[in-house]
Amino acid sequence: AYSLLPQGFKAVELSPVSPLGTCSVLATVDQNNAVATIRNTEVCSDSTNVLALEAAARRRAAGQGKETRDIKLCASHRLLRGQAFKGPGLLSQFRVFSLCTAGRDKGNYGFEIDALCEQVDFYIRLLLKFREMDFGVGQIRVTMTPFVGGDADVLEQAVIPKLSARYSQVVFGLDRKRQAGRGYYIWAGFDISALDPTGDECSLVDGGLTDWMQKLTSNKKERLLISGMGTERFLIRFKESPS
């Protein structure tokens, strides 16, 4: 995954803990889902929130929010969730490879289009590389959903065509009915799934735009796209074929 990162992304080694409220204050996640410590910290339950904090700090240091250069960070980190999970394959701790792109509004949805294309392109290349390595990756499907403030026409006319022109073997589509992520993401979200060796479709990547950078910098012109792939889930569901 690291070898396929787009230009400009920097890997960050995250601490096992983050400031108390990192997820519940920025996003809509209940604080009960995070495991708190007695020292005003919590065990990291979502690496994208921590990457957002780091991106905001770097944006501020670069020019108090006036910096036009995007901050692109990534991390492979083990997460811990405090709630009880029921069902096959559901774990309270798992590893996720996360991307975070923070920048300033470019006008005409320029940031949104560029960031979405770049991150989705990365995950597709990663899954195709896994296929070359004899992992049982079947049909790949990418769906995009317009959320509050989003424009379905932009997704259909500027994002999906650009990606489908590169990857004719991938199925792209618009999912207007998706409810998961509404209120968490703004403008747009995306999901990437693939057929596993048994023929079942497995959702592997989830991402979308959020208002976290606007909150952290008190600047409505700031933009943020986050995403994550359950790499441990992938290795369990898509086993490498014996050579």
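To keep things clear, this report deals only with the structure shown in the data block. (Residues numbered from 1 in each chain as written. Predicted model: local features only at pLDDT ≥ 70, side-chain atom pairs only at ≥ 80, totals over all residues. Heavy atoms only, no water.)

1. Focus on the overall build of the chain
Okay, step 1: Secondary structure summary: the chain contains six helices and ten strands in total.
Okay, step 2: Every one of the 243 residues in the chain was classed for burial, and the buried ones make up 47%.
Okay, step 3: Partitioning the intrachain contacts of the chain with sequence separation of at least 6 by distance along the chain shows that 69% fall at a separation of at least 24. (Helix = DSSP H or I, 4+ residues; strand = E, 2+ residues; numbered from the N terminus. Buried < 20%, exposed > 50% of the residue type's maximum accessible area, 1.4 Å probe, protein only. Contact = heavy atoms within 4.5 Å.)

2. Considerations on helix α4 (residues 152–166)
Since there are 3.6 residues in each turn of an α-helix, residues three or four apart along the chain are aligned in direction.
Okay, step 1: End to end, α4 covers 21 Å across 15 residues, agreeing with the expected 21 Å (1.5 Å per residue, within 8%).
Okay, step 2: Where α4 bends most, the angle comes to about 40°, and this point is Ile160, followed within four residues by the proline Pro161.
Okay, step 3: Looking at α4, one finds that the buried residues are Ala152, Val154, Leu155, Val159, Ile160 and Leu163.
Okay, step 4: Turning to α4, the residues buried within the fold contact α3 (110–132), β6 (140–146), β7 (171–174) and β8 (186–195). (Expected span 1.5 Å × (residues − 1). Bend = angle between axes of the 7 residues up to and from the residue.)

3. Side note on the pairing of β8
Okay, step 1: In terms of burial, β8 is largely enclosed, as eight of its ten residues are buried.
Okay, step 2: As judged from the seven bridges shared by β6 and β8, these two strands associate in the antiparallel manner. Bridged to Arg141 within β8 is Ser193.
Okay, step 3: One ladder, built from eight bridges, connects β8 with strand β9 (residues 201–210); its direction is antiparallel. Across the sheet, residue Ala194 finds its bridge partner in β9, namely Cys202.
Okay, step 4: The antiparallel pairing of β8 with β9 creates a hairpin that spans five residues between the two strands, and Gly199 there sits at a positive phi of about 95°. (Pairing = 2+ DSSP bridges.)

4. Some points on the side chain of Gln119
Okay, step 1: Mapped onto the secondary structure, Gln119 falls in helix α3.
Okay, step 2: Taking relative accessible area as the criterion, Gln119 reaches 0% and is therefore assigned buried.
Okay, step 3: Side chain to side chain, Gln119 and Thr101 meet in a polar contact 2.9 Å long.
Okay, step 4: Of the polar contacts made by the side chain of Gln119, one reaches the backbone oxygen of Leu225; its length is 3.3 Å.
Okay, step 5: Once residues within four sequence positions are removed from consideration, Gln119 is found in contact with Leu99, Cys100, Thr101, Phe190, Leu225, Ile226 and Ser227. (Polar contact = N/O pair within 3.5 Å; in protein donor to acceptor, adjacent residues only side chain to side chain.)

5. Comments concerning the pattern of salt bridges
When the charged atoms of two side chains lie near each other, side chains of opposite charge can form a pair.
Okay, step 1: Under the counting rule described, the total for this entry stands at 18 salt bridges.
Okay, step 2: Linking Asp70 and Lys106 is a salt bridge whose minimum nitrogen-to-oxygen distance equals 3.8 Å. Of the two residues, Asp70 sits in the loop between α2 (47–63) and β4 (71–80) while Lys106 sits in the loop between β5 (93–104) and α3, which places them 36 residues apart along the sequence.
Okay, step 3: With a relative accessible area of 18%, Asp70 lands in the buried category.
Okay, step 4: A single network of salt bridges, built from pairs that share partners, joins Asp105, Glu112, Lys221 and Arg223. (Salt bridge = Lys/Arg side-chain N within 4 Å of Asp/Glu carboxyl O.)

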